[in-house]
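# Observations on chain architecture
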There are 2 protein chains.
Amino acid sequence: MGRESVEPKGVSQAVLGRLPVYLSYLKSQPLHFDASISATTIASALNMGEVQVRKDLAAVSGGGKPKVGYAASELINDLEDFLGYRNSEDAVVVGAGKLGLALLGYNGFIEYGFNIVAAFDANESIVSKSSDEKPIFHISKFDDLCRRMRIRIGIITVPAAAAQSVCDMMINSGILAIMNFAPTHLRVPENIALNNQNIAADLAILRKRLTEKISGEK
Amino acid sequence: MGRESVEPKGVSQAVLGRLPVYLSYLKSQPLHFDASISATTIASALNMGEVQVRKDLAAVSGGGKPKVGYAASELINDLEDFLGYRNSEDAVVVGAGKLGLALLGYNGFIEYGFNIVAAFDANESIVSKSSDEKPIFHISKFDDLCRRMRIRIGIITVPAAAAQSVCDMMINSGILAIMNFAPTHLRVPENIALNNQNIAADLAILRKRLTEKISGEK
């Protein structure tokens, strides 16, 4: 799909993090199929620097034309291709508490190329209750299922105290990328990709920004 | 509490984002109450630059001593104070689907100084079902409750198509900081603090990093 001229590697973490922002902005716009959109327009709508937006988009799409900008539908396609949203990859969740079950039951992952196939839990009483027809297995079945299905991505939604041992178990079962929702620091080998989610800490940062905005206005 | 010499403002978004990482690392360590820890040790454990860690910590704690480092318990205190984890602030959720209810029922927010007091939904059939003894109200009660309780922080967990109107409603009811889980771009005035959460996009970025790690090893 993506044009040959676009080099998929060498994009920094920071750029990667901004790409979904552009994409969700583009998709939120009522654009005609053949509409054009410029980096200037996108930068202004998102309160971002124009040079940065221009560079970021050039890294993933060869379709930008001087003074015209991008064909919006093409840019959306290129961003989705680059981010792998057209792929289909299975992932698993360990920890079938409220958050784990919310993730297991969320249908929106499909659009991003993910299918959460099952959740696992150490608590026997949770096991086998099906959530939206997706299975919850006992943790003892984790290794076998992950190896058979060649699962590469695991999501940790267990309490902090159990997170490191779940993380080690995932790596032992062949998982290569881990998204961690437990509010603790995990040790992983260098070849493992780790993403930490801490909604409560993000909320605290948001409050901090709010406080700064208020004191800045005084 | 925080020492007078520490200037609470002027900390960038990037620094703010790293502070919870230091904190969760420190708390995950089996440290004695009077243990010391150096920026070097922290940087090495987190695979971060030493200069950056040193600067970040100096911005929030005046307790660092040359060649000794920080008293670990004091540094934890200073980080928690700076991030406002000792505060207590009420917040609300709009959208009582699986994710909204998971957030409403999550006890871990308390440690970060937040109390999610209620969820709201437009669906009459969800309303009044109490989740973990916290109420779910009809959206028509939103304005009255937020004004009476002087709520400043709102969390959006509705589908993308409803998110902008919920966002506008929140701002009309006096909310100043919004955490948005809907996968869409929201327009907010400049005085409103907005944080976008997109777990599916973060998962796609994680997969992208995984792919780069694998191709980098070849």
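Treat the numbers as computed from the prediction; the structure is a model and nothing was measured.

On to the overall build of chain A. Looking only at helices and strands, chain A features eight helices and eight strands. For chain A, the spread of C-alpha atoms along the three principal axes comes to 60 × 50 × 35 Å. In chain A, buried positions account for 50% of the 218 residues. When the accessible area of chain A is evaluated, it comes to approximately 10,500 Å², of which 52% is carbon and sulfur surface. Seen as two clouds, the 23 positive and the 23 negative side-chain charges of chain A have centres 5 Å apart.

This next bit is on the relation of the copies chain B and chain A. Its rotation angle being 180 degrees, the transformation that places chain B on chain A also includes 0.0 Å of axial translation and leaves an RMSD of 0.0 Å. Taken together, the rotation and translation relating the two chain copies correspond to the operation of a two-fold axis. Residue by residue, 100% of the interface of chain B is reproduced at the interface of chain A, so both copies engage with the same surface.

All names here are of chain A. A sheet is described by the order of its strands in space; here six strands give the open sequence S5-S4-S3-S6-S7-S8, paired in parallel fashion. Each of the sheet's edge strands pairs with one partner strand only, and the pair in question is strand S5 (136–138) and strand S8 (193–196). On average, each strand axis in the sheet is inclined to that of its neighbour by 25 degrees, with strand direction left out of account. In the sheet, strand S7 (residues 177–180) pairs with S8 via four bridges, with the strands oriented parallel. Bridging across to S8, Met179 finds its partner in Asn195. Packed onto the sheet, helix H5 (residues 98–105) meets strand S3 (89–94), strand S4 (114–121), S5 and strand S6 (153–156) and runs at close to 150 degrees relative to S4. Along the sheet, helix H6 (residues 142–149) contacts S3, S4 and S5; its crossing angle with S3, the most-contacted strand, is approximately 170 degrees.

Below, the discussion takes up the domain arrangement of chain A. By the assigned domains, chain A splits into domain 1 (13–83) and domain 2 (89–201). One C-alpha centre belongs to domain 1 of chain A, the other to domain 2 of chain A; they are set 32 Å apart.

It is worth spelling out the interface of chain B and chain A at this point. Opposite the 68 residues of chain B that make contact, chain A presents 68 residues. Summing both partners gives a buried area of about 5,800 Å² for chain B against chain A, and 64% of it is carried by carbon and sulfur. On the chain B side of the contact with chain A, His185, Leu203 and Arg207 of chain B bury the most area, a combined 13% of that side's loss. At the boundary of chain B with chain A, the tally comes to two salt bridges. Arg207 of chain A is the salt-bridge partner of Glu89 of chain B, the closest N and O atoms lying 4.0 Å from each other. Our enumeration of links across chain B and chain A arrives at 18 residue pairs in polar contact (both at pLDDT 80 or more). With 18 residues, helix H8 (residues 199–217) of chain B is the largest single contributor of residues to the side of chain B that touches chain A. Grouping the amino acids of the side of chain B that touches chain A by side-chain chemistry returns 39 nonpolar, 16 polar and 13 charged.

Criteria and thresholds
- Each chain has its residues counted from 1, following the order in which its sequence is written.
- Throughout, the order in which chains and ligands are written sets their labels, letters from A for the former and numbers from 1 for the latter.
- Given that the model is predicted, a residue must reach a pLDDT of at least 70 before its local features are reported, and side-chain atom pairs must reach 80 or more before they are shown or counted; all residues, however, enter totals for whole chains, interfaces and linings.
- Excluding hydrogens and water, the side-chain figures rest on all heavy atoms present in the structure.
- For helices the rule is a DSSP run of H or I covering at least 4 residues; for strands it is a run of E covering at least 2, with both sets numbered from the N terminus onward.
- Type-normalised accessible area, obtained with a 1.4 Å probe on protein chains alone, sets the label of each residue: buried when under 20%, exposed when over 50%, and partly exposed for intermediate values.
- Here the accessible surface of atoms and residues is derived via Shrake-Rupley with a 1.4 Å probe, and residues count as covered only by protein chains that are part of the display.
- Working convention for charge: Lys and Arg count positive, Asp and Glu count negative, and His plus the chain ends are omitted.
- Charge positions are represented by NZ for Lys, CZ for Arg, CG for Asp and CD for Glu.
- Fitting of the copies onto one another was done by least squares over C-alpha atoms, counting residues only where both copies have pLDDT of at least 70.
- Residue contacts follow a heavy-atom distance rule, with two residues in contact if any of their heavy atoms lie within 4.5 Å.
- Paired strands are those between which DSSP finds at least two bridges.
- Fitted lines through C-alpha atoms give the axes, limited to the stretch in contact for helices. The angle between two N-to-C directions lies from 0 to 180 degrees.
- Domain start and stop positions are those given by an automatic or database domain assignment.
- Buried area adds together the accessible area that both of two parts lose upon being put together, with accessible area traced by a 1.4 Å probe.
- Only one rule defines a salt bridge in this text: a Lys or Arg side-chain nitrogen within 4 Å of an Asp or Glu carboxyl oxygen.
- Polar contacts, as used here, are pairs of N or O atoms within 3.5 Å; protein pairs need one atom able to donate a hydrogen and one able to accept it. Residues neighboring in sequence count only if both atoms are side-chain atoms.
- Under this grouping Gly is polar, as are all residues other than the nonpolar Ala, Val, Leu, Ile, Met, Phe, Trp, Tyr, Cys and Pro and the charged Asp, Glu, Lys and Arg.

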